[in-house]
Amino acid sequence: MIQLLFNGQYALFFLIVIALVISLSVHEFGHALVALLFGDDTAKRAGRLTLNPLAHLDPIGLLMVVMIGFGFAKPVPTNPRNFRSRWAELAVSAAGPGMNLLLAAIAVNFYGLMVRQGFLQGHGEQIFFSYLIIINLVLMVFNLIPLGALDGHYILPYFLSQRMALTYLDFNARFGNLILLGLMALSMVGIPVFDYVFRIGQFLVPFITFV
């Protein structure tokens, strides 16, 4: 992304950053909200039950997004001992990607409706909503990857036998972050290991478009 600044594309750079900040904040808010619904107010007491980006953004994670296109927000704190259901961890983990899907659906249909009504005809609005939609879908798909600390590693064990789940959790605890970092490094040097994430995100757009 930093290349956009070097090329003088300042407006595009800031539109993408705004879309990313919104998307990351909504993702983390989703975790906090569903954790509270399942009985854990840890995130609420930590000030994370908000859409305010300042509560969620990690300076290093945001800098990574700006510099290399990959980054992260501050993880939402939870206390599993407060959960009232054995399915709570699944729901809380899925809530982040779920909120990204919801925001993408709202954005694509709101933009389509406004265009149909004769509003939002500018090129800037088109670019912003296009990035907002695809960023949220890509965030959703990326976070469902069951590696490292991504949301997918909390979700996958619910769909495995107990024995397989324990084997997977042990493997991921040992090697998951290293594998994920390795894949990110390959992507940074130009090897398109995450192309499928973007392709799936783009593929999903027609399925959430209703206007």
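Scope of this entry: the structure provided in the associated data block. (Residues numbered from 1 in each chain as written. Predicted model: local features only at pLDDT ≥ 70, side-chain atom pairs only at ≥ 80, totals over all residues. Heavy atoms only, no water.)

Within the protein chain, the regular secondary structure consists of ten helices and zero strands. Listing each helix as α and each strand as β along the protein chain from the N terminus yields α-α-α-α-α-α-α-α-α-α. Computed over its C-alpha atoms, the radius of gyration of the protein chain comes to 18 Å, within 12% of the 17 Å expected for a compact globule of 211 residues. A principal-axis box enclosing the C-alpha atoms of the protein chain has dimensions of 55 × 40 × 30 Å. The buried share among the 211 residues of the protein chain stands at 40%. When contacts within the protein chain are restricted to residue pairs at least 6 apart in sequence, long-range pairs at least 24 apart make up 67% of them. Surface exposure of the protein chain reaches about 11,900 Å², of which carbon and sulfur atoms provide 69%. Computing the positive centroid from 11 side-chain charges and the negative centroid from 9, the protein chain places the two 6 Å apart. (Helix = DSSP H or I, 4+ residues; strand = E, 2+ residues; numbered from the N terminus. Rg over C-alpha atoms; globule rule 2.2 N^0.38 Å. Buried < 20%, exposed > 50% of the residue type's maximum accessible area, 1.4 Å probe, protein only. Contact = heavy atoms within 4.5 Å. Areas by Shrake-Rupley, 256 points an atom, 1.4 Å probe, with all protein chains shown as cover. Lys, Arg positive; Asp, Glu negative; His and termini not counted. Charge placed at Lys NZ, Arg CZ, Asp CG, Glu CD.)

It is worth spelling out the packing of helix α7 (residues 123–143) against helix α10 (residues 195–204) at this point. Put simply, α7 and α10 touch, their axes get as near as 8 Å, and they point 125° apart. One way to sum up the angle between α7 and α10 is to call them oblique. Seen from above, α7 lies across α10 with right-handed handedness. Across from Ile134, Leu137, Val138, Met140, Val141 and Phe142 in α7, the residues of α10 making contact are Val197, Phe198, Ile200, Gly201, Gln202 and Leu204. The residue inventory of the contact of α7 with α10, partitioned by class, reads ten nonpolar, two polar and no charged. (Axes fitted to C-alpha atoms, helices over the stretch in contact; angles between N-to-C directions. Parallel < 35°, antiparallel > 145°, perpendicular 65-115°, else oblique. Left-handed = near helix turned anticlockwise from the far one by under 90°. Nonpolar A, V, L, I, M, F, W, Y, C, P; charged D, E, K, R; others polar.)

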